[in-house]
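Summary of the model geometry
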Amino acid sequence: MDKFLIFTIAGLSTAAIYAIAASGLVVTYTTSGIFNFAHGAFSMMAAFMYWQVHMGWGVPALPAFLLVVFVIGPAFGAMVERGIMRGIEGATDVVKIVVTISLMIALIGISMVIWKPDVARPVPAFFEGQKVTIFNTVVNYQRLMAMLIAIAVAIGLRLIFKKTRLGVAMRAVVDDRGLLQLNGGRPSRTSMMAWALGSGMAALSGVLIASEQTLSATTLTLLFINAYAVAVVGRLRSLPGAFLGAVILGLLESYAIGYIPQDAMLGPISLQSSKNAIPAVMLFVVIMLQPQDRLRAHGVSRRSSGSKPVAQRVALVGGAAFILVVAGLGSLMSLTDLNLVTTGFYLAIVTLSLVPLTGYAGQISLAQLTFTGIGAVAMATWGANGSLVGVALAVGVCAVVGGIVAFPALRLSGIYLALATAAFALFCSAMFFNQVDVMPGGNRQVPRLQIGPLSINSDFRQLVLLAVVFAGIGNLLVLLRRSAWGRRLTAMKDSPVACATLGLNLTSTKVGVFALSAAIAGAAGAISGRTFLADTLTLPGSLSVTMLAVVGGIGSVAGAFFGGMLLGAFPIGATIFAANAIGIFGFVAVSVKDILVFSPGMMGVSLGSDPDGAAPQIALGFRSVANSVPALVTTAVGATAIWALAKFDSIGNWSFFAAEMVFIFGVVPLLPLLFAPAQVHGRRIATAIWLTLGVLMAALIPWDTAITSTGLRVIVIFVFLFLVARTAIGIFGVNPLDEGGAAQVELVSPDMFGLDRPLTRADALDAERGLGLQDELLVLTASDSAGMLRGAGQQSSAGVTA
Amino acid sequence: MNLLELESLSVRFGGHLAVSDVSMRVEGGRVSGLIGPNGAGKTTTFNAICGVVTPSSGRVSLGGKDISKVGTHKRARLGIGRTFQRLEVFSSLTVRENIQVGLEIRKSWSRRSAALPQYLADGGDPKPEDEINLILERLDLGPLADQPVGALPTGHARLVELGRALAARPSILLLDEPASGLDDAETDIFGDLLITLAANGLGILLVEHDVALVMRVCSYLSVLDFGQVIASGTPEDVRSNEAVLSAYLGTAPAPDTAEYAGIDLADFPPEAGS
């Protein structure tokens, strides 16, 4: 009985912390419609901040507590709302999820940079050492305090939301921001207060847990992800539900520690880390118990989403070119470099797996690496001699498992799928990949393929195989996109309710896409031919995959590849740049490696302003090249010539790199303009001479020997490229990127034709003043105004009939 | 299959009773109208018929079979089609592709290669491209076929929604303000289209604010106000119904009468001898 009481009270005190954290999450979600994946990272930062203030700077406990919880925490939340969240409020689920995930990763990275992980940072408990005895059990003050605070938070929140003006405004602002404005509310201030409140509660939970856990950025953040499971019990909207969920989770975890012995087995399955899997299981169960989400008919925005599907011909040519390029580069690399690249190349196929799911169907998965791992294990188990049967089985298993995992969540809105896949990733980390049978010694080697008589026995062959598979799957996806199935996915993304009224079973369609995506990720694992470590098949790994895929531009195969490259490039870059540091004002020496650690997060955060990702932007610059045959020919000839020089050792590898960079990013975008007959005015000959000179210089400068530090070398090459390109544009007189910009026309409702130039913000304000409306009431949000003003201005195009 | 019945349907949102004890019949072969002021519960009734919203009491039945518990996509497969008050077009796709998707979705769940319903053409089972062209022609969308729908004016986009719904070959079609955004000439043509579709077997339930169109096209009307049916019957009955006049149609004099101009005829007694 005593044991039961001890564990009950321990469970309740953990529950208190979860409840506080979950409440903050519910507050920000219900008032902004954004599920803040970074909420756990806020708590983590608060914990570190508390350590810094209390232990690092010696401020006494109580003032430190008050400072972090009531000043720093809320201020940080308000800042995040203003700087990031406001911009993504009307965006799609995918953007919202990716931006908040990126914020989480960025914060983890920043925390690791400021507070280096190799130092232990113990935090003493509040009222250290003082205990009280309840029901014959000894409870320390801190735990009691946590429970009392949780109760106070519950009461306080109820009062705020039901009784105060601010609370009512918070509930109104998510329903209809504009309407709140017209009724005298100030939505911008209200949103900021809501985020300050949510962030304050995150800070509170972080500070409370600081003394009970070792301060480690990743572990703490993952711990607070448990709060997400708790919030789901309240359907993300109900505070009492969240509190109930917290109690359930806290108690379950506590009893698991107390009553399940370390070496317990369930048949062949070891239950050693089952405690870590409990939140995931609870999340799954809760999601399964939710009734199907209502379809909502709220009208579609007139802006068309995403890009048009690429012609199959282009995809085939692109695929072939891709294989050639990869083979070409591979033949140049040293064996160590080749090994490095080959080991990471499978990631490109993993990001490709997100194209149908996220790019075409607009759903998000945070478990791609988990499926990759399952595929790898399946191949290692059943494809021992590299047989293709193993690959087939791996793909099949992943598809089935994917369908089962996704089905309950796909009946609900997109955020639940993200949570379900995150839970799945956590579950597998805790209960699958750490099983001795699955990954003995924490790793598993995937055998390389044996295709009939052809044996993949070298890194080079493996690299080419991966390139072939990438091109093959890429072409398959393009084929699917252009098919009826692809149209249906686009339709489903545009208006799910319309599809339902046409007889489409939305859930089974979405499950099908998810299964396909899981299958591709599994295939990536099955053919990767490398050794996987259980430590890398974790949730943060999958988060990075999803994040970089979307940042790269998930709507297209090219974008997925770009994302995959970024994903692979960062760890490679980190290795290359390990020794370099950049001094900032002489105070902080931030190593380049550290910047690489949190810059993916920063990139993701900037997605808010460009949801289509980076690839389409870059693609714009190159679009005109595809249409100009002389330009294409010159590109192919020039790139090959430079490669040949490198292959036959006329120039060193770094010169090759520099020359190709200058050629591809400096010369190629200008080629269409150089060849265009008299359409564009410019000094062609002069520009051509300058560009040729630029490429020759890049090829002939001995980069290897002139600059010793690798990091500096790369930076100088890019600066050189920039100078060559910029000067060329200057000489020519026209900027090719402007052409690209004009080509991107916003689809506009001709209901508004009659305006012959784009409206500026000043015009809008003038109109408002003319109508006698006060300035303050009419601060448009960034997304509203940008959309309206840009849309309202374009000249109506010729296709409109009367 | 061609009879939709609502029996004492009520829909409640929290504390608000949006639709209260509504009963009506929609039969194949005629156009039934559902009119009333804004907020009366017309769209909510549509949502309840389609399964987008769950009624708190009452039932919906199609062809005698109770479908109140059936999911939205299954009701669509039983023959209920609809358009939306706020556009739900596939704005990333062209006009042709919108209709094509409707057709392809139908083909994905319709095993039997059914003949075209009579309201679309006289029998035969055309190839998909022909069926799409047929629909485009009927709705006069031919010239716009390859435009992205996002670039069309609202009126034309509504027609695309109608075309898409027709591609699914419904037996009962719910139209939510399909003529809003059409000018007078276009509305006339549209009214003729509805009459022809109904004459050839389609059952239409029309929600519209264009009273002239409604009166011309509908053979039976139900009037909704604050979620309740305040009157129902033929257009003539409804037009002169007191309750309807005060709730919706209005008692203002017609524009070409003396009353409208504010002139009291008593001030102008007839000349003696004329």
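Brief notes about the overall build of chain A
When helices and strands are tallied, chain A shows 33 helices and 10 strands. Counting the 802 residues in chain A, one finds 51% classified as buried. Residue pairs at least 24 apart in sequence account for 78% of intrachain contacts in chain A once pairs closer than 6 positions are excluded. Total accessible area on chain A stands at roughly 35500 Å², and carbon and sulfur atoms take up 68% of it.

Considering the packing of aromatic side chains
Residues and elements named next belong to chain A. Under the definition given, this model contains 15 aromatic pairs over all chains. Ring geometry for Tyr29 against Phe35: centres 6.2 Å apart, planes inclined by 70 degrees, an arrangement best described as edge-to-face. Residue class for Tyr29 comes out buried when judged on its relative accessible area of 15%. Given the relative accessible area of 2%, Phe35 is considered buried. Ring pairs connect the aromatic residues Phe4, Phe7, Tyr255 and Tyr259, which therefore count as one cluster.

Some thoughts on empty space enclosed by the protein
Residue and element names in this part refer to chain A. Within this structure, the stated rule accounts for 5 cavities of 30 Å³ or more. In this structure, the largest cavity spans a volume of roughly 110 Å³. Considering the residues around the largest cavity, the lining is formed by 15 residues, among which Ile225, Tyr228, Leu283, Ala422 and Leu426 are closest to the centre. Elements represented by at least two residues in the lining of the largest cavity include exactly helix H9 (217-233), helix H11 (274-289), helix H16 (414-431) and helix H21 (539-553). Taken together, the residues of the lining of the largest cavity sort by class into 14 nonpolar, 1 polar and no charged.

Section: the confidence of the model for chain A
Residues and elements named next belong to chain A. On average, chain A scores 78 in pLDDT, and the residues at 70 or more come to 77%. Across residues 739-751 the pLDDT falls below 50, and counting only partners more than four positions away or on other chains, this stretch makes 21 contacts in the model. Predicted confidence is poor over residues 781-802, with pLDDT under 50, and the contacts of this stretch with residues over four places away or in other chains come to 32 contacts.

A look at the confidence of the model for chain B
Residues of chain B with pLDDT of at least 70 account for 91%, and the chain-wide mean is 86. Taken over the whole predicted complex, pTM reads 0.78, whereas the ipTM for its chain interfaces reads 0.87.

A word on the packing of helix H8 (residues 187-209) of chain A against H9 of chain A
Residues and elements named next belong to chain A. Interhelical geometry of H8 versus H9 gives an angle of 120 degrees and a closest axis separation of 12 Å. One finds that H8 runs oblique with respect to H9. Pair H8 / H9 crosses with right-handed handedness. For the pair H8 and H9, the contacting residues are Ser205, Gly206 and Ile209 in the first and Leu220, Leu223 and Phe224 in the second. Class assignment of the residues belonging to the contact of H8 with H9 gives a composition of 4 nonpolar, 2 polar and no charged.

Focus on a nonpolar patch on the surface
Residues and elements named next belong to chain A. Residues Leu62, Leu66, Leu67, Phe70 and Val71 make up a contiguous nonpolar surface patch of about 480 Å² in total accessible area. You can see Leu67 is positioned in helix H3 (residues 61-88). Given the relative accessible area of 35%, Leu67 is considered partly exposed.

Some remarks on the pattern of salt bridges
Residues and elements named next belong to chain B. A complete count under the given rule lists 14 salt bridges over all chains for this structure. Between Arg82 and Asp176 there is a salt bridge, and its shortest N-O distance comes to 3.9 Å. Residue Arg82 is found in strand S6 (residues 80-82), and its partner Asp176 is found in strand S7 (residues 172-176); the two are separated by 94 residues along the sequence. Like Asp176, Arg82 is buried. A salt bridge links Glu131 to Arg169; the shortest N-O distance between them is 2.8 Å. Taken together, the positions of Glu131 in helix H4 (residues 128-138) and Arg169 in the loop between helix H5 (154-167) and S7 put the pair 38 residues apart, joining distant regions of the chain. Under the relative-accessibility criterion, Arg169 is labelled buried at 13%. Bridged by salt links that share partners, the residues Glu5, Arg25 and Glu27 form one connected network.

A closer look at the sheet that holds strand S4 (residues 57-62) of chain B
Residues and elements named next belong to chain B. The 4 strands lie next to each other as S2-S1-S4-S5, forming an open sheet whose pairing is antiparallel. Single-partner strands in this sheet number two, and they are strand S2 (16-27) and strand S5 (65-66). Where strand S1 (residues 3-13) meets S4, 5 bridges bridge the pair, whose relative direction is antiparallel. Residue Glu7 lies in a different strand from S4, and its bridge partner there is Arg59. Packing of helix H1 (residues 42-50) onto the sheet brings it into contact with S1, S2 and S4, and relative to S1 it is tilted by some 115 degrees.

Cut-offs used in this document
Residues numbered from 1 in each chain as written. Chains lettered and ligands numbered in written order. Predicted model: local features only at pLDDT ≥ 70, side-chain atom pairs only at ≥ 80, totals over all residues. Heavy atoms only, no water. Helix = DSSP H or I, 4+ residues; strand = E, 2+ residues; numbered from the N terminus. Buried < 20%, exposed > 50% of the residue type's maximum accessible area, 1.4 Å probe, protein only. Contact = heavy atoms within 4.5 Å. Areas by Shrake-Rupley, 256 points an atom, 1.4 Å probe, with all protein chains shown as cover. Phe/Tyr/Trp six-rings, centres within 6.5 Å; stacked < 30°, edge-to-face > 60°. 1 Å grid on protein atoms, 1.4 Å probe; cavity = no way out; pocket = protein on both sides within 12 Å on 5 of 7 lines; lining within 4 Å. Points joined across faces, edges and corners; volume = space filled by probe spheres on them. Nonpolar A, V, L, I, M, F, W, Y, C, P; charged D, E, K, R; others polar. pLDDT = per-residue confidence, 0-100. Axes fitted to C-alpha atoms, helices over the stretch in contact; angles between N-to-C directions. Parallel < 35°, antiparallel > 145°, perpendicular 65-115°, else oblique. Left-handed = near helix turned anticlockwise from the far one by under 90°. Patch = residues over 30% accessible without salt bridge, like charges linked within 9 Å, V, L, I, M, F, W, Y side chains within 5 Å. Salt bridge = Lys/Arg side-chain N within 4 Å of Asp/Glu carboxyl O. Pairing = 2+ DSSP bridges.

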